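Reading the structure
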Amino acid sequence: MNDIILIRHGETEANKNFIVQGRMDNPLNEVGLEQAFKVGKYFKENDFTFDMVISSPLKRAYKTARQINKGMLLARPIVLDKGIIERNFGDFDGKEINDDYYYMVKRGLVPNMETNEVLEKRVIEAFKSICEKYPDKRLLIVSHSHVIKALLTKLVEGFTYRVGLVNCSISHLTYKNNAFKVDYYNRNPLK
């Protein structure tokens, strides 16, 4: 069985300003750096341990993983996995998140955007691949909003892409007998 702690990356300027990032390689802002460090301290204070740390290759996720390590007073290596990179938002990258965005994304009307079906298939396959590559491990995985939402949409009845995920929120899943189970999602350890 794999025990998975899944974290959304810390805040970026694009998050703060409600801008779609997608594959844009934006860094964390100062708030995001502090959020990730505090999550690491939270893990240390609450006796969380991990066999491995896996991150999306985008800067905002990788730096979140590094800051969590730092907060936990660890120097563990971070494995990059391109299968958990953020959704390709196509022509909406860099644009404002507003009602038009929700309307177009929900209906798959954004030119060059990765569809929900393609995203969900990619994400499920990536997470299964990670679990099969590292069986019986406790994994810390740092990724992105729509990657996490794609997983939760498939696993949590009634969950939709409209649900907001807090930066540095924690979701807990297990993987056993080729099936994922969500124990909880979108918990804010910074409250």
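Look a little higher up for the structure.
Residues numbered from 1 in each chain as written. Predicted model: local features only at pLDDT ≥ 70, side-chain atom pairs only at ≥ 80, totals over all residues. Heavy atoms only, no water.

Overview of the overall build of the chain
Quick note on the threshold: Secondary structure elements are taken from DSSP: a helix is a run of H or I of four residues or more, a strand is a run of E of two residues or more, and numbering for both begins at the N terminus. With C-alpha atoms as the basis for the radius of gyration, the globule rule is written as 2.2 Å multiplied by the number of residues raised to the power 0.38. Exposed residues in this analysis have more than 50% of their type's maximum accessible area, buried residues have under 20%, and partly exposed residues fall in between, with area computed by a 1.4 Å probe over protein chains only. Note on contacts: a residue pair qualifies if any of its non-hydrogen atoms lie within 4.5 Å across the two residues. Residue burial considers only the protein chains on display, and all accessible areas are found by Shrake-Rupley using a 1.4 Å probe. The positive count covers Lys and Arg only, the negative count covers Asp and Glu only, and His and the chain ends enter neither. Charged side chains are reduced to one point each, which is NZ for Lys, CZ for Arg, CG for Asp and CD for Glu.
Regarding its fold elements, the chain presents six helices and six strands. Start at the N end of the chain and walk to the C end: the helices and strands fall as β-α-α-β-α-β-α-α-β-α-β-β. Relative to the globule expectation of 16 Å for 191 residues, the C-alpha radius of gyration of the chain, 16 Å, shows essentially globular dimensions. Projecting the C-alpha coordinates of the chain onto the three principal axes gives extents of approximately 45 × 40 × 25 Å. A buried classification covers 52% of the 191 residues belonging to the chain. Relative to all contacts within the chain whose residues are 6 or more apart in sequence, the contacts with residues 24 or more apart total 73%. As presented, the chain carries roughly 9500 Å² of accessible surface, and 49% of it is formed by carbon and sulfur atoms. Distance between charge centres in the chain, computed from 30 positive and 24 negative side chains, equals 2 Å.

Regarding the layout of surface pockets
Our working definition: Think of a 1 Å grid over the protein atoms and nothing else: a 1.4 Å probe that fits but is trapped marks a cavity, an open set flanked by protein within 12 Å on at least five of seven lines marks a pocket, and residues with an atom within 4 Å of a point count as lining. Grid points are joined across faces, edges and corners, and a volume is the space filled by probe spheres set on the points. Under the grouping applied here, Gly and all other residues not named as nonpolar or charged are polar, the nonpolar ones being Ala, Val, Leu, Ile, Met, Phe, Trp, Tyr, Cys and Pro and the charged ones Asp, Glu, Lys and Arg.
Of the pockets and cavities examined, the largest pocket occupies roughly 590 Å³. Around the largest pocket sit 31 residues that line it, and Tyr-101, Tyr-102, Ser-145, His-146 and Lys-149 are the ones nearest its centre. Looking at the lining of the largest pocket, the elements with two or more residues in it are α4 (99-106), α5 (116-133) and α6 (145-155). Split into classes, the residues belonging to the lining of the largest pocket amount to 11 nonpolar, 12 polar and eight charged.

Section: the environment of Gln-67
By the secondary structure assignment, Gln-67 is in helix α3 (residues 59-71). Overall, the relative accessible area of 9% leaves Gln-67 in the buried class. Along the chain, Gln-67 and Lys-38 lie 29 residues apart, while their C-alpha atoms are 8.4 Å from each other. Sequence-distant contacts of Gln-67, that is, excluding residues within four places in its chain, are made with Leu-33, Ala-36 and Phe-37.

Observations concerning the sheet that holds strand β6 (residues 179-187)
Within a sheet, each strand pairs with its neighbour through backbone hydrogen bonds, oriented either parallel or antiparallel. Short version of the rule: We treat two strands as partners when DSSP finds at least two bridges between them. Each axis is a line fitted through C-alpha atoms, taken for helices only over the stretch in contact, and angles between the N-to-C directions span 0 to 180 degrees.
Taken together, the six strands give an open sheet; going across it, the order is β3-β2-β4-β1-β5-β6, and neighbouring strands pair in mixed fashion. With one partner strand each, in any of the chains shown, β3 (78-80) and β6 form the two edges of the open sheet. With strand direction ignored, the average angle separating the axes of adjacent strands in the sheet is 25°. Helix-sheet contacts for α3 involve β1 (2-8), β2 (52-55), β3 and β4 (138-143), and the interaxial angle to β4 is about 135°. The strands touched by α6 within the sheet are β1, β4, β5 (170-176) and β6, with β1 carrying the most contacts at an inclination of about 130°.

Quick word on the nonpolar core
What counts here: By convention a nonpolar core is built from buried Ala, Val, Leu, Ile, Met, Phe, Trp, Tyr and Cys residues, the set being connected through side-chain atoms within 4.5 Å.
With 28 residues, the main nonpolar core has Ile-4, Leu-6, Ile-84, Phe-127, Leu-139 and Ile-141 as its most contacted residues. Elements supplying a minimum of two residues to this core: β1, β2, α5, β4, α6, β5 and β6. No other element matches α5, which puts seven residues into this core.

So, the pairing of β6
It is a general feature of regular strands that their side chains alternate between the two faces of the sheet. Two strands pair when backbone bridges link them, and β5 and β6 are joined in this way by six bridges, in the antiparallel orientation. Opposite Lys-176, over in β6, you have Ala-179 as the bridge partner. Linking β5 to β6, which pair antiparallel, is a turn of two residues; within it Asn-177 sits at a positive phi near 50°.

Considerations on the packing of aromatic side chains
For clarity, the cut-off: Classification of ring pairs rests on two measures: the distance between centres of Phe, Tyr or Trp rings, Trp counted by its six-membered ring, which must be within 6.5 Å, and the angle between planes, read as stacked under 30 degrees, edge-to-face over 60 and tilted in between.
Scanning all chains against the criterion turns up 11 aromatic pairs. Relative to Phe-50, the ring of Phe-43 lies with its centre 5.2 Å away and its plane at 70°, an arrangement referred to as edge-to-face. Using a relative accessible area of 0% as the deciding quantity, one classes Phe-43 as buried. For Phe-50, a relative accessible area of 7% translates into the label buried. Centre to centre, the rings of Phe-159 and Tyr-185 are 5.3 Å apart; their planes meet at 85°, and the pair counts as edge-to-face.

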